Every structure is written in C-alpha cells, then in structure tokens.
Amino acid sequence: MSKKRCSVLICCACLALCASCVKKETPAETYAVPDYRGWKQPVPIVSGIDFPEHVGTVRRIYANDTAYESRTETDAAGYRYRIMKPGSVVVKETYSSLEDLENNTPRFVTIMEKSPSHPHAQNGWLFVRQLKGVGPGEYVDGRYCSGCHEAANESHPYFDGNPDDIFRDYIFINMDSQ
Amino acid sequence: MKSKIPFHKRIVFRIPLIIILVLVTGLGVMSFYFSKAQIDTLYFAHEQAVSDEAEILFRSIKANMLAGEAKIAVDLMKELRKGNASSEIHIFDAAGNPAFTTNDTLYEVNTYLNEERFAPKDMFELGQRPNNAPLFFDAVTNVRDVFGYVKTENAQSVEIYKPLVNQPKCNECHGVDTLVRGVIYISHPMEDVEKRSARMMHISVALFVLMVTFLTTVIIIFLRRTVLHRIVRIGSTVEQIGQGNFIKMVPRRNDEIGRLAEEINKMVDGLKERFRLSKFVSRSTLEYIKTDEDIRLGGGRECVVVMFTDIRGFTSYAESRSPEEVLGALNRVMNLQVEIINQYDGDIDKFVGDEIMAIFTGENMAVRAVRAALEIRRKVRNFDRGDGQAFAVGVGINAGEVILGNMGGHERIDRTIIGDTVNLGARLCSVAGKNTIVISANVYERVKERTVCEAQEPFFVKGKKDPITAYIVKGLENEQKTL
C-alpha cells in the first residue's frame, strides 16, 4: 500500500473515531410505552389502599419477564439486598374507580424501567408518566415518584411490607416470590 | 534596484505571527476549557456536599419523627448549626412556615389519629420564612431538590431546598392528603470555593502566559535558526549569483535545507562553468542555445558580411620572443580587435592563430564592418608591442549568402558559416597588404556612398576561375581619412 493511501486511511480512521466519540446518541425526550398488557401481574388489583396522590384510586400493576429474573442476594457481610436487572419494567395503571378500570380508561399510567445509564435515571430507574394511558410517556425527573419509592428499601406498609428491612431496589413488591 | 518586501509580508514576520496566534488560540481555548471545567467541578462538588448533608438531615429527621421525637430532630438541627456557624439550616412546612415553632402539626396528627398520642411541646425555636420563595415553591410543586445561589456583600452561598416527601411510614400519622410534608433548607457559603476558583483562574492565566511566551520563544528561535535564517541566506546567495557573483553556501546541517544548499552549490558550479564557457563561443551561438530549439545538425542560408583580420609580421615577431611574451602581445591585440568588433555589433566567429573571423548581420552590416575595420587598423597601428614598433593588420571583407548552422558531429558541434562568401572573404584578407582593408564588389556596392575606396585591378584567387573585383578602403566619406 502506498504511503499516500496509508496516510489517507489513517486520517479517515481518526476522523471516524472522533465522530463516533462526539456523536453520541441522545435519547428521545419522550418514552415509548411498551405493549405491557400481555405481561404478568405481580399483585392483584390494588384497591382501597391510599397514599399521597393516589387517594381513592384503583391500581393494576404489570411487570415484564426481566423483572422476574432478579433475585435476592447476600453479600460477604451477610447483608441481603436485591438489584433489579437492567431492562426490568414495572407498569402501574391508576384508575379513578373500578368502573374506569373495567372500561380501561386510566387516569394515568406510570412506568419504572431499570436503565442506569439513561440521563433521566434516578438511582438507576427511569420514572415515566403517561397521561390517560395514551401517547408517549414523559420522564419524571423530580422526586415525585422516587421520593416515595425510596421507602421500598425499608419496611413499609404495602404488600409484603419488606419485613427484613432490606434494600429492594425501589420496588415495593417482592418479585422473588412471583 | 529591487524594492524591499513589506515587513508584514515577510516570512520572518508572518511565520512567527502564525505561531503566536495558533499557540494563543490553542492554549487559550484549552486553558479556558480546563479551568472552567475544574471550577465547575468544584462548584458541583460543593453542591453535592450540600445535597448529601440535606439527605442525611432528611433521614435523621425521618428516623426521629417516626419515633415521635420531634425534639430530637430539632436538637439535631441545632447541633448541626453549631458545627458550621457560617451555614444556615432550616426546616419549613409545605406552606413555607418555619417548622417546630408551634404545636399545630402535632394537633393535626392527633386529630388524624383520633387520639392524643403526642403531648404538646414548648415552642422549640424561632424560625424564618424561606429567603427565596420561587425556589421554595419550585421544590414543593415539582417535588425536586432545587439549588440556588445567594449573593451577599462578601461572597455568595449555595442553597438547597429539599422537599420532605410524605413517605408510607409518615402516612400513618400525617395522612395522605399531601405528597410533600415540608422542605429542608441548607445554605453554605461559597467563599472558600470562590477563593480557590479565583486562584485556579489566576494560576491558569499565569501558566497560559508563561507557556505561550516560552513556547513562542523556543519555536521562533528554533525556526529562525533551522529554517528562516537559512532560507534568507539562500535567497541572498541566489541573488548574488544572479548578479554574477558565484559564491558557494556552506551547508550547516544534513537536512532538507542543507541538501538545498548543496544543490545550489552544484548549480553555482554549473553556472560558473557555463559562464566561463560562454567566453569560448560566439554570441550568435549563445543566443541560439538560449532558444528552445532542439540542437540538431544543419542550418540555412543567410545574407551576412564576413570580415577576416590578420596581424601582419606576427610570425617573425613571435620567433624571437618567449611564448609568454608572444601570447601576451597576441592577447592584447586580439582583445583590442574584439572590443572594436563588439562595439560595431559584430560577432566573433572564431580565432585562428592571429586571425579573426567576424560576422556582421542586420541593418547597415557592411558599413559597420568597414567602420570596425578602419578602427582596428587605426588602433593596431598605434599598438605598442613593446619594442618600439607597431603591428600591422590586413583586413578582408565580403558580403553575400552563406550557410549558417550547426556543423560537426552529434557529440561536438560548431555553429558557424560556410560558403563561397566566406572563402572569398578569407582570400581578400590574404591579399590585403599591411594595414590595408580590401573589400569585395558586394561590399563596395553597400558602402560606396559612405566610404572612399580605390578600385583594384581584378585579380584571380585560388579556386575561382573568374577574376575578382576588389576595392581598397581609404576611409570614411565624411571624414575623408586616408592611409
């Protein structure tokens, strides 16, 4: 290969390398809500349990297969914890009444997706809200969702209550037992 | 005289200028970017520290409040304040009222629980409302940690408004009516960070100036020594060569410029050789070489005036003298004739011993040839050959068509003229007496108006069957100079 051709190839390679470094893929500012209706429901319909912003509501929860692949681990010091696998998705439909649930007209849909490297991630999770269950989802960047979900990492009054007070990676339900 | 190059166009100015600009821009951008990045990191780290402190306080309050020990939470706040007198730590309720200053919340909790679980406390402390209402309500409304900067006279402080979320465990006492129970406010002075930032910036600027100065100096000195000065020297050498001073360069380094100097030296040798060689060939040959024509054997016909001069009595002069003396005298008399022939725009074709063959072409070629001959005769007659006697010269001039071209072989060429005209010119010279100028009829016809000539009896020359008509030139018509 001639010197000139070699130099041209090296220059092109350097340019390509620079371009690949500079041109990182920026995620879209909306979230594409997956087709979750076929997923398993880790808990029955939640009704009659109120908490802030969910007073009088009925909730239906779905989780994808990846969410079920996480297990509770024990570290060398004997401390038990769970880290949900990246790609785990939990979807919660919130209805104003049972009638709305039967009509499939949610007030809003909230989604948690484990995606630690995402720029909108908080503590490794994306929190997304989809108004009335239609259209793309919007990222929730404040602690509107995560502020409560922090409580999942200690004992709490919901579902199995996390009686052992272990780190459950911000998920209130025990995915191990589903 | 060549005009000087304007200073701003000279490479000794432009190259250093470009170097300075590149260094200032490159190093400047880098320094600025890294300084700014460091300062931003410093600020971010400070914000992070404040955020961590707020998080710790939040967890502490939660732990204490869950146990119903609000007083412990308040004491904790006081202790934290003592630990850092320049900071501010406050807790507000969601409406912006300072927390732990009244028993209102306690009463609300008892009402919610429908029992007197908690006894009223003494007022804990005096509080204040948030300094920055928009940031406070941003934290409450959007349930997010909000950072802000407060400017005072001396410095600025970073502040955080951290909402206290009404978490599941809190619901038991506080109910589920609100998502945000209150806001933790912490502010830390940035004086230390600002001082460090300023110092970092000063150091960056100083380093930048130092590096630019140092690098510029080093690079310019290096460039001047290795490239610029040497190029300028080459330029002045080439200029000298153009003026005919064949000086050589001294290649100082074995690099591209050193090689250039060596090549220039070879070129100088070649030019010198050519320059010296040019003295050995006729002017017409030199002019022919300058053309772009391919050098081929052959030529064409042209009408010229050919003049032969011969020093009379030179052989006897030479017999009794040393070779050096003879050659010296010969060169002096030859040089005298060469100058005259050149003066009259003639071209020396060749030297044959003490004989010169010259060619005249162009306008008034015959008149110029005759004038040159007359001048030669006059000067040779007055030429002091060193023994009190003078040389004598015989001249023959003919005009007509000749064959002018390149003759010889491919490896050795002579550009000259041949033909009958040349031969007759030589014959006329051979019959010319001492200090006699003999011209042919062809020449006479061209110069008769301007010269005084004497017709001769036709005579025979070797190789010609018809007698030749010739004339002796006495002088110029106007001057009426005669022998």
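Counting from 1, residues in each chain are numbered in the order their sequence is written. Chains and ligands are labelled sequentially in the order written, the chains with letters from A and the ligands with numbers from 1. Note on the predicted model: pLDDT of at least 70 is required for a residue's local features to be given, and 80 or more for side-chain atom pairs to be given and counted; whole-chain, interface and lining totals, by contrast, use all residues. With hydrogens and water stripped out, all remaining heavy atoms of the structure feed into the side-chain values.

Asks: Mind laying out the overall build of chain B, listing which residues take part and the relevant values?
Replies: In terms of helices and strands, chain B carries 13 helices and 12 strands. The buried share of chain B, taken over its 483 residues, is 40%. Whether two residues are in contact is decided by their heavy atoms: any pair within 4.5 Å suffices. By sequence separation, contacts in chain B at least 24 residues apart represent 66% of the contacts at least 6 residues apart. On chain B, roughly 28300 Å² of surface is accessible, and the fraction owed to carbon and sulfur atoms is 55%. Only runs of H or I of at least four residues qualify as helices and only runs of E of at least two qualify as strands under DSSP, and these elements are numbered from the N terminus. Accessibility here uses a 1.4 Å probe with only protein chains present; expressed as a share of the type maximum, an area under 20% marks a residue as buried, one over 50% as exposed, and anything in between as partly exposed. Where accessible areas are quoted, they stem from the Shrake-Rupley method and a 1.4 Å probe; at the residue level, only the protein chains shown are allowed to cover.

Asks: Tell me about helix α2 (residues 70–83) of chain B, and please be specific about residues and values.
Replies: Three or four residues apart is the spacing at which side chains of an α-helix point the same way, because the helix has 3.6 residues per turn. All names here are of chain B. The span one expects for a helix is its residue count, reduced by one, times 1.5 Å. When the terminal C-alpha atoms of α2 are compared, their 20 Å separation across 14 residues agrees well with the 20 Å that a helix rising 1.5 Å per residue should span. Restricting attention to buried positions, one finds in α2 the residues Ala70, Ala73, Val74 and Met77. For α2, the angular spread of the buried residues around the axis is 100°, confining them to a single face. Exposed residues pointing more than 90 degrees away from the buried face of α2 are listed as Lys82 and Gly83. Looking at the buried residues of α2, the elements they touch are α1 (11–66) and β1 (88–93). Here the arc refers to the set of directions running from the helix axis out to each C-beta atom.

Asks: Describe the sheet that holds strand β3 (residues 58–63) of chain A, with residues and values.
Replies: All names here are of chain A. Taken together, the 7 strands give an open sheet; going across it, the order is β1-β9-β8-β7-β6-β3-β2, and neighbouring strands pair in antiparallel fashion. Of all the strands in the sheet, just β1 (30–31) and β2 (46–47) have a single pairing partner and so form its edges. Sheet topology note: the β1/strand β9 (residues 137–139) ladder contains 2 bridges and is antiparallel. Bridging across to β9, Tyr31 finds its partner in Gly137. When DSSP locates at least two bridges between a pair of strands, those strands are taken to pair.

Asks: Lay out the nonpolar core in plain terms, naming residues and giving numbers.
Replies: All names here are of chain B. In terms of nonpolar packing, the biggest core is built from 42 residues, with Met307, Phe360, Phe391, Ile397 and Ile439 touching the most fellow members. The dominant element in this core, judged by the number of residues it contributes, is helix α11 (residues 365–381), at 10 residues. Residues enter a nonpolar core if they are buried and are Ala, Val, Leu, Ile, Met, Phe, Trp, Tyr or Cys, with the set joined through side-chain atoms within 4.5 Å. The next biggest cluster of nonpolar side chains, apart from the first, holds 22 residues, and it includes Ile61, Ala73, Met77 and Ala99.

Asks: Any chance you could break down the interface of chain A and chain B for me, citing the residues and the numbers?
Replies: Chain A puts 17 residues into the contact, and the matching count from chain B is 18 residues. Once two parts are joined, some of their accessible surface, as seen by a 1.4 Å probe, is lost; buried area is that loss totalled over both. In total, chain A and chain B occlude about 1400 Å² of area from one another, counting both sides; carbon and sulfur atoms represent 59% of this. We note a salt bridge from Lys169 of chain B to Glu154 of chain A, for which the minimum N-O separation is 3.8 Å. Residues are grouped as follows: Ala, Val, Leu, Ile, Met, Phe, Trp, Tyr, Cys and Pro are nonpolar; Asp, Glu, Lys and Arg are charged; all remaining types, including Gly, are polar. Each residue belonging to the side of chain A that touches chain B can be placed in one class, and the counts come to 9 nonpolar, 3 polar and 5 charged. Salt bridges are identified by distance alone: a Lys or Arg side-chain nitrogen within 4 Å of an Asp or Glu carboxyl oxygen.

Asks: Give a description of the packing of helix α10 (residues 323–343) of chain B against α11 of chain B that names residues and reports values.
Replies: Residue and element names in this part refer to chain B. The geometry of α10 relative to α11 is characterised by a closest axis approach of 9 Å and an angle of 150° between their N-to-C directions. One element, α10, and the other, α11, form an angle in the roughly antiparallel class. Handedness of the α10/α11 crossing: right-handed. Mapping the contact onto sequence places Val333, Leu336, Gln337, Ile340 and Ile341 in α10 and Ala372, Glu375, Ile376, Lys379 and Val380 in α11. Residue classes in the contact of α10 with α11 are distributed as 7 nonpolar, 1 polar and 2 charged. Angles shown run from 0 to 180 degrees and are taken between the N-to-C directions of axes, each axis being a line fitted to C-alpha atoms and, for helices, limited to the stretch in contact. By the definition adopted for this analysis, an angle is roughly parallel if under 35 degrees, roughly antiparallel if over 145, roughly perpendicular if from 65 to 115, and oblique otherwise. Helix crossings are classified by the rotation of the near helix relative to the far one: an anticlockwise turn of less than a right angle makes the crossing left-handed, while a clockwise turn makes it right-handed.

Asks: Outline the sheet that holds strand β3 (residues 156–165) of chain B, listing residues and values.
Replies: Residue and element names in this part refer to chain B. Taken in spatial order, the 4 strands make up an open sheet running β1-β4-β3-β2, and their pairing is antiparallel. The sheet terminates laterally at β1 and β2 (146–151), the two strands that pair on one side only. Mean inter-strand twist for the sheet, computed between neighbouring axes without regard to direction, equals 20°. Direction of pairing for β3 relative to strand β4 (residues 180–189): antiparallel, over a ladder of 9 bridges. Its bridge partner lying in β4, Glu159 is registered against Ser187.

Asks: Could you give me a rundown of the confidence of the model for chain B, with the residues and numbers involved?
Replies: For every residue, the predictor reports its confidence as pLDDT, a number between 0 and 100. When pLDDT is averaged across chain B, the result is 86; 96% of the residues are at 70 or more. Predicted complex metrics record ipTM = 0.78 and pTM = 0.60.

Asks: Outline the pairing of strand β12 (residues 470–476) of chain B, supporting the account with residue identities and numerical values.
Replies: All names here are of chain B. Burial within β12 is extensive, with 7 of its 7 residues counted as buried. Bridge analysis of strand β10 (residues 436–440) against β12 gives 3 bridges, and the strand direction is antiparallel. Within the sheet, the bridge partner assigned to Ser440 lies in β12 and is Ala470.

Asks: Describe the environment of Asp414 of chain B, and please don't skip the residues or the numbers.
Replies: Residue and element names in this part refer to chain B. Looking at where Asp414 falls in the secondary structure, it is placed in strand β9 (residues 413–418). A relative accessible area of 35% places Asp414 in the partly exposed class. Along the backbone, Asp414 and Val281 are 133 residues apart, and their C-alpha atoms lie at a distance of 9.0 Å. Those residues within four positions of Asp414 in sequence are excluded, and the remaining contacts are Lys350, Gly405, Asn406 and Met407.

Asks: So what's going on with the environment of Ile49 of chain A? Which residues, and what values?
Replies: All names here are of chain A. Structurally, the position occupied by Ile49 is in the loop between β2 and β3. Once the C-alpha coordinates of Ile49 and Arg59 are considered, the two residues, 10 residues apart in sequence, prove to be 9.4 Å apart. Residues contacting Ile49, with those up to four places away along its chain left out, are His54, Arg59 and Tyr158.

Asks: How would you sum up the pattern of salt bridges? Please name residues and give values.
Replies: The tally for this structure, following the rule as stated, stands at 30 salt bridges over all chains. One salt bridge connects Lys114 of chain A with Asp169 of chain A, and the closest N-O pair in it is separated by 2.7 Å. Highlighted residues: Lys114 of chain A in strand β7 (residues 108–114) and Asp169 of chain A in the segment after α3 (146–149), separated in sequence by 55 residues. Using a relative accessible area of 7% as the deciding quantity, one classes Lys114 of chain A as buried. Linked by salt bridges that have partners in common, Arg143 and Glu150 of chain A together with Glu55, Arg59, Asp145 and Lys162 of chain B make up one network.

Asks: Describe a positive patch on the surface, naming the residues involved and giving the relevant values.
Replies: Within this analysis, patches are made of residues with over 30% relative accessible area and no salt bridge. Like charges are joined at 9 Å or less; nonpolar side chains (Val, Leu, Ile, Met, Phe, Trp, Tyr) at 5 Å or less. Note that His is not counted, nor are the chain ends; the positive residues are Lys and Arg, and the negative ones are Asp and Glu. Lysine's charge is taken at NZ, arginine's at CZ, aspartate's at CG and glutamate's at CD. A surface patch of like charges, here positive, comprises Arg225, Arg233, Arg252 and Arg253 of chain B. Relative to the assigned elements, Arg252 of chain B resides in the loop between α6 (191–242) and α7 (256–277).

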